[in-house]
Amino acid sequence: MTRAFPVQFGRYLLVDKIASGGMAEIFRAKLVGVEGFEKNVVIKRIHPFWSERRDFIAMLVDEAKLLVHLNHPNIVQVYELGREGETYFIAMEFVEGVDLRQLQNRLKALGRRMPPEIATAVVLESLKGLHYAHERSLKERGRLDIVHRDVSPQNILLSFEGEVKVTDFGIAKAMTQTHETQTGVLKGKYAYMSPEQAVGAPLDARSDLFACGIVLYELLFERRLFAGKNDLETLENVRRAQVPWPEEAAGVFPGLREVLTRALQVRPEDRFATAEDFAEALEACLPKDKRVGRRRLSAFLEEVFAEEIRDRRRQGEEIRQKTESFLRQTQAGPPTDEATISLVEFPTEHEPRLASPLTAPSSAASTAEGPPSSRVSESGRSAAQAPPAVSAKARPRRLARGVAALAFLTLAGLAYAAWRYWPRAGGEGAVVTGGAQVVAAVPAPAQPSVPGDSLAAASAPAPALAVAESRPGSASPSTASPPPGPLLFKATPASAQLRAQYPGGERSGVGTLRLEGLAAGTPLQVSASLANYEPQSKSLKVSEDPSPQEHVFKLEKKAHAFGGLRVNAVPWGRVTVPGLIGGSETPVVRGKVPEGRYAVSVSNSALGKTLRATAVVRGGKTTHCHADFEGRGALSCR
């Protein structure tokens, strides 16, 4: 039976079904607020099989508490993990585009190959997002040690605007570390595992690099690398990690095969140390005229998916009309009985708000305390983000409350006017005696804010009403000075990490960071950092100036530290160092080698032996490797 959309789902409006997978149904949805506010999101509604598994949900909550700290142009933003009735869901960024697997299938249907520069650019951008996630740290807990575990074409999204975004961080961990796995859920994912993942060994960031190597290999050569006839054969192929190089491998960009070889090494220590190292090696292989930016990727996608883009635009207009009609028809509808409970929410750009996992706050308690995300309104929706629909029964109550509030504010205003302007005994400026009560509005303490995608502003605490007793001889209040203006920090390159620390808290952002609400005189320590760039920091105090203030960090690229590498062999050998040396006969000398760890292998075909070792190159020094085929039969590097 076909579902009729739109459908109300807590505070979200499901407007179309995108897909259904082993873990969840995926919907395009809208978050509708006041004054015509709308935000497109994706809702992943977890299947009952997984929603009923407490161990899975607990793992998902733990992962979500880390994932809400990820805010990067190459990562799909996670907004919320919540529960609607007995159904758990994930709200995340909506990307108007396709996934990488869909692009592969469309090109195959058109009989076209993916240009190698497009393939390389997609993986390169994915590595940027992965590097950010791998290196993400928090002051209070250090490195988060996030590993994706499921880098595959389905989890690399391409927007029609030319963006590349990695999605579904942490989902694989929650699914594979529960006590049971539903048959078929991980089917198709085995082909993108690393050898250590296939045998159940501990994982680190280098596992994701291996998966990226598989993806790039398949994009370049249009063939599956490790996929076998069944899952067992696929896993065995992954464990052995034997890479067949087709004839067309010789025609790709110079050095690209060596880079892929290093990324696809069986042992993690023989691969690139970081995703950034992998990305830089890829970029070095691309000629300048083959570099692909957002504009070129967008043009390529618009060419390949021209018909689908037209259909989606038409569908978008239909969705808009249906949504408007639905909202008009439901203005006087009855409130829902079920509450949307937010387990993990991302209300601002960089400060996640965590609700109590797996339990719903009672209506009595949530009215008076707890974050806005955990308050449940009478309609059962989040009080912070309830849709503007008003039930017929609620109107008289709201009218009565409005009248009472208006009367209260009127009395308060009269009392203040009497206190401020009534003629005083003892001449102008004297204070009325007699212990009269004066009511004044006192704003809640200001908190620094970072602009985000939520309706957090709608749930800001209302001003508290304080009753102050006038006393003989007290002075009249002076006019309040305007608050300090917002602080805007920018960094170039735009991928630099910004961090602002102040007494009692900190904020961070990528490229830009905006602070508001800090009191004048508050000390700030602001820093900007990016791998391979010299970090910068500055200390300042919030000034009383009410106008916006902008501070710009211009980071300078670090001068690369280079060393040397010399390889000898007895009697002789051919040297291979992925990304650096491709089968040269000894002796081999390289005089300008970037600092890092390199997998060195020396082969002697006459003896049928290959010796391997890891060489560590340090700036200003030469690392010597010696292969002894006749004596100890070992390769040593020092």
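Secondary structure summary: the chain contains 14 helices and 30 strands in total. Pairs at least 24 residues apart make up 63% of the contacts formed inside the chain by residues separated by at least 6 positions. As displayed, the chain offers around 32,300 Å² of accessible surface, 52% of which is attributable to carbon and sulfur atoms.

Attention now moves to the pattern of salt bridges. Considering all chains together, one arrives at 29 salt bridges under this definition. The shortest N-O distance in the salt bridge between E248 and R223 comes to 3.3 Å. Residue E248 is located in the loop between α8 (231–240) and α9 (256–263), and its partner R223 is located in the loop between α7 (205–221) and α8; the two are separated by 25 residues in the primary sequence. A relative accessible area of 32% means that E248 is categorised as partly exposed. Classification of R223 by relative accessible area gives partly exposed; the value is 39%. Put simply, E236 and R239 hold a salt bridge, and the shortest N to O gap is 3.4 Å. Remark: R239 and E236 occur in helix α8; sequence separation between them is three residues, near one turn of the helix.

For the rest of this paragraph, the subject is helix α2 (residues 54–67). Count 3.6 residues to each turn of an α-helix, and residues three or four apart come out pointing the same way. Over its 14 residues, α2 extends 20 Å from the first C-alpha to the last, a length consistent with the 20 Å expected when each residue adds 1.5 Å. Within the sequence span of α2, burial applies to F56, I57, M59, L60, V61, E63, A64, L66 and L67.

Moving on, we get to unusual backbone geometry. With an omega dihedral of 5 degrees, the bond running from V570 to P571 counts as a cis peptide bond. Cis geometry is found at the peptide bond from T586 to P587, where omega equals 0 degrees. For D168, which is not glycine, the phi torsion reads 65 degrees and is therefore positive. Looking at the element boundaries, D168 is found in the loop between β11 (164–166) and α5 (171–176). Accessibility expressed as a relative area gives 15% for D168, which makes it buried. One non-glycine residue with positive phi stands out, namely A241, at about 50 degrees. Looking at the element boundaries, A241 is found in the loop between α8 and α9.

Taken as a whole, this structure holds 11 aromatic pairs when the rule is applied. Look at Y12 and F89: their rings are 5.8 Å apart centre to centre, the planes differ by 75 degrees, and that puts the pair in the edge-to-face class. Taken together, the residues Y12 in strand β2 (residues 12–20) and F89 in strand β6 (residues 87–93) connect sequence positions 77 residues apart. In this structure F89 comes out as buried when scored by relative accessible area, which is 0%. An aromatic cluster is built from F9, Y12 and F89, whose rings are joined through pairwise contacts. Taking NZ or CZ as reference, K538 lies 5.1 Å from the ring centre of F553, over its face. Against the face of F562 rests K592, its NZ or CZ located 4.9 Å from the ring centre.

Whenever strands of a sheet pair, they do so through backbone hydrogen bonds, lying parallel or antiparallel. The strand order across the open sheet formed by four strands is β18-β17-β20-β21, and the pairing between neighbours is antiparallel. Either end of the sheet is taken by a strand with one partner, and the two such strands are β18 (505–510) and β21 (536–541). Taken pair by pair, the neighbouring strands of this sheet meet at an average axis angle of 15 degrees, ignoring direction.

This part takes up α9. Among the residues of α9, those classed as buried are L256, V259, L260, R262 and A263. Along the long axis of α9, the arc covered by the buried residues comes to 160 degrees, so they all point the same way. Along its buried surface, α9 packs onto α4 (116–135), α7, α10 (275–285) and β27 (596–604).

Here the focus is the packing of α9 against α10. The N-to-C vectors of α9 and α10 enclose an angle of 165 degrees; their axes lie 9 Å apart at closest approach. Taken as axis vectors, α9 and α10 run roughly antiparallel relative to one another. Considering the relative orientation of α9 and α10, their crossing is left-handed. The residues of α10 that touch α9, namely those facing L256, V259 and A263, are F278, A281, L282 and C285.

For the structure on display, the rule yields one disulfide. For C625, the disulfide goes to C637, at an S-S distance of 2.1 Å. Taking the torsion about the sulfur-sulfur bond, which here is approximately 115 degrees, the covalent link between C625 and C637 counts as right-handed. One end of the pair, C625, is in strand β29 (residues 622–628); the other, C637, is in strand β30 (residues 634–637), and 12 residues separate them in sequence. The exposure class of C625 is buried, given its relative accessible area of 2%.

Taken N-terminus to C-terminus, the directions of α4 and α10 make an angle of 160 degrees; their axes are 8 Å apart at the nearest point. Our classification of the angle between α4 and α10 gives roughly antiparallel. As for how α4 packs across α10, the hand of that crossing is left-handed. Contact with α4, carried on its side by T120, V123, L124, L127, L130, H131 and H134, involves A275, E276, F278, A279, L282 and E283 of α10 and no other residues of that element.

Below, the discussion takes up the pairing of strand β5 (residues 78–84). Within β5, seven of the seven residues are buried, leaving the element largely enclosed by the surrounding structure. Relative to β6, β5 runs antiparallel, the two being bridged by six bridges. Considered in β6, the bridge of G82 is made with F89. Hairpin connection, β5 to β6: the antiparallel pair is bridged by two residues, and G85 has positive phi, about 65 degrees.

Rules used throughout
- Residues numbered from 1 in each chain as written.
- Predicted model: local features only at pLDDT ≥ 70, side-chain atom pairs only at ≥ 80, totals over all residues.
- Heavy atoms only, no water.
- Helix = DSSP H or I, 4+ residues; strand = E, 2+ residues; numbered from the N terminus.
- Contact = heavy atoms within 4.5 Å.
- Areas by Shrake-Rupley, 256 points an atom, 1.4 Å probe, with all protein chains shown as cover.
- Salt bridge = Lys/Arg side-chain N within 4 Å of Asp/Glu carboxyl O.
- Buried < 20%, exposed > 50% of the residue type's maximum accessible area, 1.4 Å probe, protein only.
- Expected span 1.5 Å × (residues − 1).
- Phe/Tyr/Trp six-rings, centres within 6.5 Å; stacked < 30°, edge-to-face > 60°.
- Lys NZ or Arg CZ within 6 Å of the ring centre and 35° of its normal.
- Pairing = 2+ DSSP bridges.
- Axes fitted to C-alpha atoms, helices over the stretch in contact; angles between N-to-C directions.
- Arc of directions from axis to C-beta.
- Parallel < 35°, antiparallel > 145°, perpendicular 65-115°, else oblique.
- Left-handed = near helix turned anticlockwise from the far one by under 90°.
- Disulfide = S-S within 2.5 Å.

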